[in-house]
Amino acid sequence: MMLVLGIESSCDETGLALYSDEGLLAHALYSQIDTHKLFGGVVPELASRDHIKYLVPLFDEVLKEAKIELKDIDAVAYTAGPGLVGALLTGATFAKSLAYALGIPSIAIHHLEAHILAAKLDDPQLEFPFVALLVSGGHTQLIEARELGAYSILGDTLDDAVGEAFDKTAKLMGISYPGGAMLAKLADSWQGDYAHKWYPASFPRPMLDRPGLNFSFSGLKTHALNVWQKSAQDDNARAAIAHAFQQAVIETLSVKCQRALSQTKISRLVVAGGVGANLFLRKVLHESMSNSNATVYFPKMQFCTDNGAMIAYAGYLYMKQNKKDSGLDIQVKSRWPLTSNL
Ligand code: KG4
Ligand code: ZN
């Protein structure tokens, strides 16, 4: 029996979870959105303070939910980066102290690797190799995942990340932070008809006319701003622009995913990160992958955004491979490429 505690504290969610041979036993999450909303974005120092406040209560909560005792835990996995350095330090310090006190290993986990593995949480059948589309507020990457710990970057954004473009586009139309999910909801709810109700001319599909797997989303955001300024700036315009923006983004992502699969001759696509919760992305990728005999895997909605379950699971997989203890030094990395060691 192997039982791993996972701790996520890289940004504005405190997440703890317990994963064992029997699967996910418990998970608890505290989202700091209300703390940061007032400021229109994450305030690093406030994030660290909130993590400190919630780590212990959430730890108690998962122990209780899983009905286990401290001595049952075999290892503590924690997010060591990338992320906000103060926020990372709170989770890492908690993890190391607990591991030291219990005499068990602590395992440093790469936040993005954990995101990539989140789809496997509910579908352990999903095997390497696969192509991962990592789409979050900070990242937009196509990654070839050969095996645990062995990744290469196939494509990256040259400017804004997809989630960031969703958030910024929402903001410029007066939708409050973090507006990405709200923008998507508006886009899906748009009832207009392209010919009759006001609808902005089609948005550009950035970088599709060029070979390669890189992305660029800042131009789309500027395009949205121009269209918004010329519109009536009412609810209909907001929804219509959200719709046109989302269409352009998702179509671009889908075409690049197809290209990545044909380039690598891999037939499994795994979606990871907060934008993986986008319903239109799910629909379009399901359709386009089934047309090309590939399969697409998504994490459960609740595990697309930051959470402790993906960290516990990544730690569990590494423990099964006898990964060594990351030592007593409290080491975190705010910037940490997926392709390099801690
Ligand atoms: O992975 P995540 O929780 O945090 C990091 O960035 O690490 O992703 C958050 C991002 C935000 O930019 C948010 O606006 C976006 O994911 N997001 C969405 C949706 N839900 C969350 N973007 C588009 N459609 C959604 N339904
Ligand atoms: Zn994340």
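Analysis parameters
- Counting from 1, residues in each chain are numbered in the order their sequence is written.
- As a convention, the first chain written is A and the first ligand written is 1, with the rest following in written order.
- Reporting of local features is limited, given that this is a predicted model, to residues whose pLDDT is at least 70; pairs of side-chain atoms are given and counted only at 80 or more, and all residues count toward the totals for whole chains, interfaces and linings.
- Computation of side-chain values: all heavy atoms of the structure, hydrogens and water removed.
- Each metal site lists N, O and S donors within 2.8 Å (3.2 Å for Na, K and Ca). With water left out of the atoms, a site can look as if it is missing ligands.
- Working rule for geometry: tetrahedral if four donors all subtend angles between 85 and 135 degrees; square planar for four, octahedral for six, if opposite donors exceed 155 degrees and the others stay between 65 and 115; irregular in every other situation.
- Think of it in three bands: with a 1.4 Å probe and only protein chains considered, a residue is buried below 20% of the maximum accessible area for its type, exposed above 50%, and partly exposed in between.
- Any residue with at least one heavy atom within 4 Å of a molecule or strand is counted as near it.
- Identification of polar contacts relies on pairs of N or O atoms within 3.5 Å, with a donor-acceptor requirement for protein atoms, meaning one able to donate a hydrogen and the other able to accept it, and with residues adjacent in sequence counted only if both atoms are side-chain atoms.
- Each accessible area is a Shrake-Rupley estimate made with a 1.4 Å probe; only the visible protein chains count as cover when residues are assessed.
- For the purposes of this entry, the term helix denotes a DSSP run of H or I that reaches at least four residues, the term strand denotes a run of E that reaches at least two, and both are numbered from the N terminus.
- Each residue is assigned to one class: nonpolar for Ala, Val, Leu, Ile, Met, Phe, Trp, Tyr, Cys and Pro, charged for Asp, Glu, Lys and Arg, and polar for all the others, Gly among them.
- We count a salt bridge whenever a side-chain nitrogen from Lys or Arg sits within 4 Å of a carboxyl oxygen from Asp or Glu.
- Two strands are said to pair when DSSP picks up at least two bridges between them.
- Fitted lines through C-alpha atoms serve as axes, helices being fitted only where they are in contact, and the angles separating the N-to-C directions of these axes extend from 0 to 180 degrees.

Caption draft 1: Focus on the coordination of the zinc ion (ligand 2). Every protein donor of the zinc ion (ligand 2) is listed here as H111 (NE2), H115 (NE2) and D306 (OD), and their distances to the metal cover 2.0 to 2.2 Å. Its four donor atoms give the zinc ion (ligand 2) angles of 89 to 140° at the centre, a pattern that matches the irregular case. Residue class for D306 comes out buried when judged on its relative accessible area of 13%.

Caption draft 2: Here's a closer look at the site of ligand 1. Inspection of the region around ligand 1 gives 18 residues, with G137, G163, D167, G274 and N278 positioned closest. Within the backbone of G138, a nitrogen or oxygen atom sits 3.4 Å from an oxygen atom of ligand 1. Between ligand 1 and G163, the relevant distance is 3.2 Å, taken from an oxygen atom to a main-chain nitrogen or oxygen of the residue. Protein chains bury 83% of the 560 Å² of accessible surface belonging to ligand 1 in isolation. When contributions to the shell around ligand 1 are tallied by element, the ones reaching two or more residues are α5 (162–172) and α6 (180–189). When residues in the shell around ligand 1 are grouped by element, the largest group, four residues, is from α5. Counted by class, the shell around ligand 1 contains five nonpolar, 10 polar and three charged residues.

Caption draft 3: Quick look at the pattern of salt bridges. Across all of its chains, the model carries 10 salt bridges by this definition. One salt bridge in this structure joins E69 and K71, with 3.8 Å as the shortest N-O distance. Here D72 ties to K71 by a salt bridge, and the two come within 3.5 Å at their closest N and O atoms. Ionic contacts of the salt-bridge type, sharing partners, join the residues D160, E164, K168 and K221 into one network.

Caption draft 4: Inspection of the sheet that holds strand β6 (residues 130–135) at higher detail. The strand order across the open sheet formed by five strands is β8-β7-β6-β9-β10, and the pairing between neighbours is mixed. Where the open sheet ends on each side, the last strands, each with one partner, are β8 (150–156) and β10 (295–297). Taken over all neighbouring pairs, the strand axes of this sheet differ in orientation by 25° on average, direction set aside. Relative to strand β9 (residues 268–272), β6 runs parallel, the two sharing four bridges. Paired with A132 across the bridge in β9 is V270.

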